[in-house]
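Chain by chain, the residues run as shown.
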Amino acid sequence: MAKFFIVALSIMLVMQGYVSWHVWRVLTFSIPVKVIILLLMLAALACMVLQFKSDQVPLGMATAMYEIGNSWLIIMFYLLMAFLVLDIGRLVHLVPASWLKDNAITTVVLTGVMLTTFIAGNIHYHNKQRQEINLTTDKQLEHPLKIVMLSDLHAGFHNRRAEVGRWVNLINAENADLILIAGDMIDGNVRPLKAQGTAEELSRLNAPTIACLGNHEYITGLSKALNLLDDTGIKILRDGIMTVDGVTIVGRDDRSNRNRKSIKQLMQGVDKHSYTILLDHQPYHLEEAEQNGVDLQLSGHTHRGQVWPLNWVTRKMYECDYGQYQRGKTDYYVSSGMGIWGGKFRIGTDSEYAVITVTPTHLTSAQSSEK
């Protein structure tokens, strides 16, 4: 863990240095003003690094450190891309060198583009998308089953109680038969959730609610996360099985637990005639669900990269990094997440929840005959 932190910090310092150098060169302001701007950028990076000590500072300060630090990480990433494009353009003689030194036009254009991008990204983040999915099954269900599926709430310093409460209202308005959450309900620290009473909001969900764990529950500290989630009334399945309304829900523990059961082991205790839904936070090895007779797998984790062009990266990393997918007779849905980690920006991706209706074919056939 220490080695990972050192590598990550080194990368951030290199990014910060590269961006700071270009900001210093391109700005037309006086030296004192440039110094102030660079110090503010350095303070933002310090917030990113020092947020890991958030338990040792007042809650308001810890919240500000989280918001500023993680937002700056994404903004810095976009500034890095912008300056790289300009540098490459200069090297191939498409961009005049004057554009990168004491240039008011470059300053205004770059500032305008960044402001537009991140204001729009923040607005888009708060505009939750409703994804409607219709599935059929040969398995015996007494009636069409309406499921609300969501993942990656990342409730904590940035997704606070009022925001989570708004999400609960959206979900409750669906009047679902079942609510399924595919992990990462907690962002990484239970302190803000306890202080805000966020568990009370989640306890308002108006249908049986079942969830699996994600990697961020492990990052939080498993015992702390489970104690808090216990107050929500949400049923947590850790390599467990539960039957609700004639449907079998299999909740797989996150792969952070190296001793978790395989899908094959979990499915040994499942009635093969029952419609089976697997909750598995991280969508790796999708073939295992198909091979073991799972009807529907629900996952999250990827955020679909969260901001462009990282969605190109997740597309290469996973067989399916987002959306509806099928392997043989097994259906899959990988959500880009209701919430978000870090800065509240969605650029080229959506924050969403899925409304899934599973209709048994015998009812579909009967409806067709009546017509």
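Look up a bit, the structure's there.
Residues numbered from 1 in each chain as written. Predicted model: local features only at pLDDT ≥ 70, side-chain atom pairs only at ≥ 80, totals over all residues. Heavy atoms only, no water.

Caption draft 1: The arrangement of unusual backbone geometry in detail. Of note, the amide linkage connecting tryptophan 308 to proline 309 takes the cis form, showing an omega dihedral of 5 degrees. On the secondary structure map, proline 309 appears in the loop between strand 9 (296-299) and helix 12 (310-317). At aspartate 152, a position not held by glycine, the phi torsion is positive, near 55 degrees. Topologically, aspartate 152 is positioned in the loop between strand 2 (145-150) and helix 5 (161-172). Phi angles above zero are rare outside glycine, and histidine 285 is one such case at about 50 degrees. (Helix = DSSP H or I, 4+ residues; strand = E, 2+ residues; numbered from the N terminus.)

Caption draft 2: The nonpolar core, seen in detail. Ranked by size, the top nonpolar core spans 30 residues in total, and within it Val148, Leu150, Ile179, Ile181 and Ile234 carry the most contacts. Only strand 2, helix 5, strand 3 (178-182), helix 9 (222-230) and strand 12 (352-360) provide two or more residues apiece to this core. Considering each element in turn, this core owes the most residues, four residues, to helix 5. (Core = buried A, V, L, I, M, F, W, Y, C linked by side-chain atoms within 4.5 Å. Buried < 20%, exposed > 50% of the residue type's maximum accessible area, 1.4 Å probe, protein only.)

Caption draft 3: Representation of the pattern of salt bridges within the structure. A full pass over the atoms with the stated rule returns 17 salt bridges. Among the ionic pairs, arginine 161 bridges to glutamate 201, the shortest N-O distance being 2.8 Å. Of this pair, arginine 161 sits in helix 5 while glutamate 201 is found in helix 7 (residues 198-202), placing the two residues 40 residues apart along the sequence. With a shortest N-O distance of 3.2 Å, aspartate 253 and arginine 238 are connected by a salt bridge. Here aspartate 253 is found in the loop between strand 7 (247-251) and helix 10 (263-267), whereas its partner arginine 238 is found in the loop between strand 5 (235-236) and strand 6 (240-244), with 15 residues between them in sequence. (Salt bridge = Lys/Arg side-chain N within 4 Å of Asp/Glu carboxyl O.)

Caption draft 4: Representation of helix 3 (residues 59-91) in the model. Under the 1.5 Å per step criterion, the end-to-end length of helix 3 is 47 Å for 33 residues, consistent within 8% with the ideal 48 Å. Once helix 3 ends, the next one or two residues include histidine 93, with phi positive near 65 degrees. (Expected span 1.5 Å × (residues − 1).)

Caption draft 5: Up close: the pairing of strand 9. Along strand 9, one buried face is formed by Leu296 and Leu298 and the opposite face, lined by Gln297 and Ser299, is buried too. Bridge analysis of strand 8 (residues 275-279) against strand 9 gives three bridges, and the strand direction is parallel. Counterpart to leucine 279 in the pairing with strand 9 is leucine 298. In the sheet, strand 9 pairs with strand 11 (residues 330-334) via four bridges, with the strands oriented parallel. Residue pairing in the sheet places glutamine 297 in a bridge with tyrosine 332 of strand 11. (Pairing = 2+ DSSP bridges.)

Caption draft 6: Structural detail: the pairing of strand 10 (residues 323-327). Relative to strand 11, strand 10 is paired through five bridges, and the arrangement is antiparallel. Each bridged residue has a counterpart across the sheet, and for tyrosine 325 the counterpart in strand 11 is tyrosine 332.

Caption draft 7: Local environment of the packing of aromatic side chains. Counting across every chain of the model gives eight aromatic pairs. Here tyrosine 284 and tyrosine 318 contribute two aromatic rings whose centre-to-centre distance is 5.0 Å and whose plane-to-plane angle is 45 degrees, an arrangement assigned as tilted. Of this pair, tyrosine 284 sits in the loop between strand 8 and helix 11 (287-291) while tyrosine 318 sits in the loop between helix 12 and strand 10, and the two are 34 residues apart along the sequence. Assessed through its relative accessible area of 25%, tyrosine 284 is described here as partly exposed. Given the relative accessible area of 8%, tyrosine 318 is considered buried. Centre to centre, the rings of tryptophan 308 and tryptophan 312 are 5.4 Å apart; their planes meet at 85 degrees, and the pair counts as edge-to-face. Given the relative accessible area of 37%, tryptophan 308 is considered partly exposed. Take tryptophan 312: its relative accessible area is 49%, and that puts it in the partly exposed class. In this structure an aromatic cluster arises from ring pairing among Phe77, Tyr78, Phe118 and Phe345. When the ring centre of tryptophan 24 is taken as origin, the NZ or CZ atom of lysine 34, which lies over that ring, is 5.3 Å away. (Phe/Tyr/Trp six-rings, centres within 6.5 Å; stacked < 30°, edge-to-face > 60°. Lys NZ or Arg CZ within 6 Å of the ring centre and 35° of its normal.)

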